[in-house]
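Reading the structure
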Amino acid sequence: MKTSERIIPATQNFYLEGSKPRVHELKFAWRVFIEFLNSFRVLHFVGPCITVFGSARFKPNHPYYLAAEEFGKRIAKMGFTTMTGGGPGTMEAANKGAFENGGESVGCNIKLPFEQKPNPYVHTSLTFNHFFSRKVMMVKYSYAFIIMPGGFGTMDEFFETLTLVQTRTITQFPIVIFGKEFYKPLRDFIEEMAEQGTITRSDMDLVLFTDDYDEAMNHIKTYIRKNYVLKPRKRFWWLLETK
């Protein structure tokens, strides 16, 4: 039988393939610790963020690319930092909208053997080896989340964030899902989960499905103004951060 070529190339990350020698496990734990520590240092001064999730595959002339760019512009106007996965597509678009309109722009990139590469519209950039540490940073510094159309990665980020909100692991920050037609099957399936009792309808109270920029931003503004006062706080360089 002829071996077919892998569609997605393999990487050297095999830490999920069962137990390894203790020395290997210790080295892995140390690398993860260093990745977190470096992330805390770099992101310490980025300010309150709104994270935009979405596909890396949309080109600059695509409507969803243009929509993400508009969100970056509006986030900048609100005085927030735009945070994305730092790659191309809708991530690049949101960073570009903020970058070109006077806002702060942050990218949390991931090392992949295909597709992902840093975009040029970021003031602060990090590159991660592991998806889980990257997702922690993209949630940790954010006050709200905008979910643009995307694939498996976007779904992973959406459902993990929603699970953290549902379980009260993080504060119930608002989540905007942009693209009502694109996400209609997902919305129908969520309704089915509620009908079957696997979730409660109140779990979706802070999730807004919309195609309207004003509705999306007002949803975020209303919640933040009601629950938080954004003001600078004194921060110390005890990890030798660069401002």
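Conventions used here
- Residues numbered from 1 in each chain as written.
- Predicted model: local features only at pLDDT ≥ 70, side-chain atom pairs only at ≥ 80, totals over all residues.
- Heavy atoms only, no water.
- Helix = DSSP H or I, 4+ residues; strand = E, 2+ residues; numbered from the N terminus.
- Expected span 1.5 Å × (residues − 1).
- Buried < 20%, exposed > 50% of the residue type's maximum accessible area, 1.4 Å probe, protein only.
- Arc of directions from axis to C-beta.
- Contact = heavy atoms within 4.5 Å.
- Pairing = 2+ DSSP bridges.
- Right-handed = clockwise from strand over helix to strand, strands pointing away.
- Salt bridge = Lys/Arg side-chain N within 4 Å of Asp/Glu carboxyl O.

Compared with an ideal rise of 1.5 Å per residue, which puts 15 residues at 21 Å, helix α5 (residues 152-166) spans 21 Å between its outermost C-alpha atoms and is within 8% of the ideal. For α5, the set of buried residues is Thr-154, Glu-157, Phe-158, Thr-161, Leu-162 and Val-165. Along the long axis of α5, the arc covered by the buried residues comes to 120°, so they all point the same way. Elements that come into contact with the buried residues of α5 comprise β1 (49-53), α4 (131-140), β5 (142-147), β6 (175-178), α6 (184-196) and β7 (207-210).

This next bit is on the pairing of β1. The buried fraction of β1 is high, at 5 of 5 residues. Taken together, the 3 bridges between β1 and strand β2 (residues 81-84) define a ladder with parallel strand orientation. Residue pairing for β2: Ile-50 is matched across the bridge by Thr-82. For the handedness criterion, the β-α-β arrangement of β1, helix α2 (residues 63-78) and β2 is classed as right-handed. Relative to β5, β1 runs parallel, the two sharing 5 bridges. Note that in β5 the partner of Thr-51 across the bridge is Phe-145.

This structure, assessed with the given rule, holds 8 salt bridges. Close ionic contact of Asp-156 with Lys-135 constitutes a salt bridge, the shortest N to O distance being 2.7 Å. On the criterion of sequence distance, the pair formed by Asp-156 in helix α5 and Lys-135 in helix α4 is long-range, its members being 21 residues apart. Asp-156 gets classed as partly exposed once you look at its relative accessible area, which sits at 35%. Residue Glu-191 pairs with Arg-201 through a salt bridge whose shortest N-O separation is 2.7 Å. Of this pair, Glu-191 sits in helix α6 while Arg-201 sits in the loop between α6 and β7, and the two are 10 residues apart along the sequence.

No statement about biological role is implied by the geometric values presented.
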